[in-house]
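Residue-level listing of the chains:
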Amino acid sequence: MIATLTLFLAVQTRAPNVLTPAERAAGWRLLFDGRTLAGWRGVGYDTVPTGHWVVVDGAIKKVASGDVPRVADGRPLVGGDLMTVDSFVDFELSFEWKVTPGANSGVKYNVSEAMSLAQGGAGTQGGPTHSALGFEYQVLDDARHEDGKLPTHRAAGLYDLIAPNGRKDLSPVGDWNRSRIVFRGNHGEHWLNGQKVVEFELGTAHMDSLLTASKYKTIPGFGQKRRGHIVLQDHGDEVYFRDIKVRPL
């Protein structure tokens, strides 16, 4: 625990979107260079839905739905979740995020694009919803969003499955949070600001019961481990992500 807290404090003192020599030696690589959306694309698209996702001041910004540019007939430009081009199996992911008042988003992993598109339906923009299916690290304004009333929907939880524990220390709205996801074999962890707040094991009776009771219960294979993409969720609200990096485990 001391080593984890030391690492957490150390990363607060350096510039985001830059790897230290020690991080490079440990196998970390950046998923966001702080300037462009290279290495990302929309779920179900070959390119980034740039009307919804932009880079501002060294962070990836999800443009709020009401601010999305519109096409000639008045409909908003097509959007959807933002997905890494690369996919991953066993990894540690580190990232920073902040929300605006009342905002909801998430970081998804173990995402199958094929499964996501197969489950998609007609959206408000006349096309598929392009919503990624995978385990979700919830990103939320707990106090102002309706999801904050449900323990398994609160920030840093494994969405709709496991609520964050009492060690959770959430930064105020508008301030940055640092998060980590560890996913090795069937073991998963969520960390928030230096504290482990969620832990789970796939394939156990307990996890199977949680999946059966969740909104994912009708999706075949949802709870199985796979090589999957990492996804930033388009939930329609303005949120920010930066210092996104990953290393294989």
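Everything that follows concerns the structure shown earlier in this document.
The rules we used
Residues numbered from 1 in each chain as written. Predicted model: local features only at pLDDT ≥ 70, side-chain atom pairs only at ≥ 80, totals over all residues. Heavy atoms only, no water. Salt bridge = Lys/Arg side-chain N within 4 Å of Asp/Glu carboxyl O. Helix = DSSP H or I, 4+ residues; strand = E, 2+ residues; numbered from the N terminus. Buried < 20%, exposed > 50% of the residue type's maximum accessible area, 1.4 Å probe, protein only. Arc of directions from axis to C-beta. Contact = heavy atoms within 4.5 Å. Core = buried A, V, L, I, M, F, W, Y, C linked by side-chain atoms within 4.5 Å.

A. A look at the pattern of salt bridges. Scanning the entire structure with this criterion turns up 18 salt bridges. The salt bridge partner of Arg41 is Glu113, with a shortest N-O separation of 2.8 Å. Placement of the pair is Arg41 in strand β2 (residues 40-42) and Glu113 in helix α3 (residues 113-119), with a sequence separation of 72 residues. The class for Arg41 is buried, based on a relative accessible area of 16%. Classification of Glu113 by relative accessible area gives buried; the value is 16%. For Lys168, the salt bridge is made with Asp142, and the minimal N-O distance between the two is 2.5 Å. With Lys168 in the loop between β8 (135-140) and β9 (177-184) and Asp142 in the loop between β8 and β9, the pair connects residues that are 26 residues apart, well separated along the chain.

B. Representation of helix α4 (residues 205-212) within the structure. Inspection of α4 places Met207, Leu210 and Leu211 among the buried residues, and these make up the whole buried set. All buried residues of α4 fall inside an arc of 100° around its axis, so they share one side. Residues Ala205, His206 and Thr212 are exposed on α4 and point more than 90 degrees away from its buried face. Where α4 is buried, its residues meet β11 (195-201).

C. A look at the environment of Trp28. Looking at the element boundaries, Trp28 is found in the loop between α2 (21-25) and β1 (29-30). Through-space distance from the C-alpha of Trp28 to that of Ser94 is 9.5 Å; in sequence the pair is 66 residues apart. Apart from residues no more than four positions distant in its own chain, Trp28 is found in contact with Leu19, Glu23, Glu92, Leu93, Ser94, Lys245, Val246 and Arg247.

D. Region of the structure containing the nonpolar core. In this structure, Ile60, Leu93, Phe241 and Ile244 are the most contacted members of the largest nonpolar core, which totals 48 residues. Among the elements of the structure, β6 (91-99), β7 (104-111), β8, β9, β11, α4, β12 (229-232) and β13 (239-248) are those that each provide at least two residues to this core. Top contributing element to this core by residue count: β6, with five residues. Apart from residues lying up to four places away in sequence, Leu93 is in contact with Trp28, Leu31, Val107, Ser179, Arg180, Ile181, Ile230, Ile244, Lys245 and Val246. If you look at the next biggest cluster of nonpolar residues, it comprises five residues, including Val43, Met83, Val111 and Val231.

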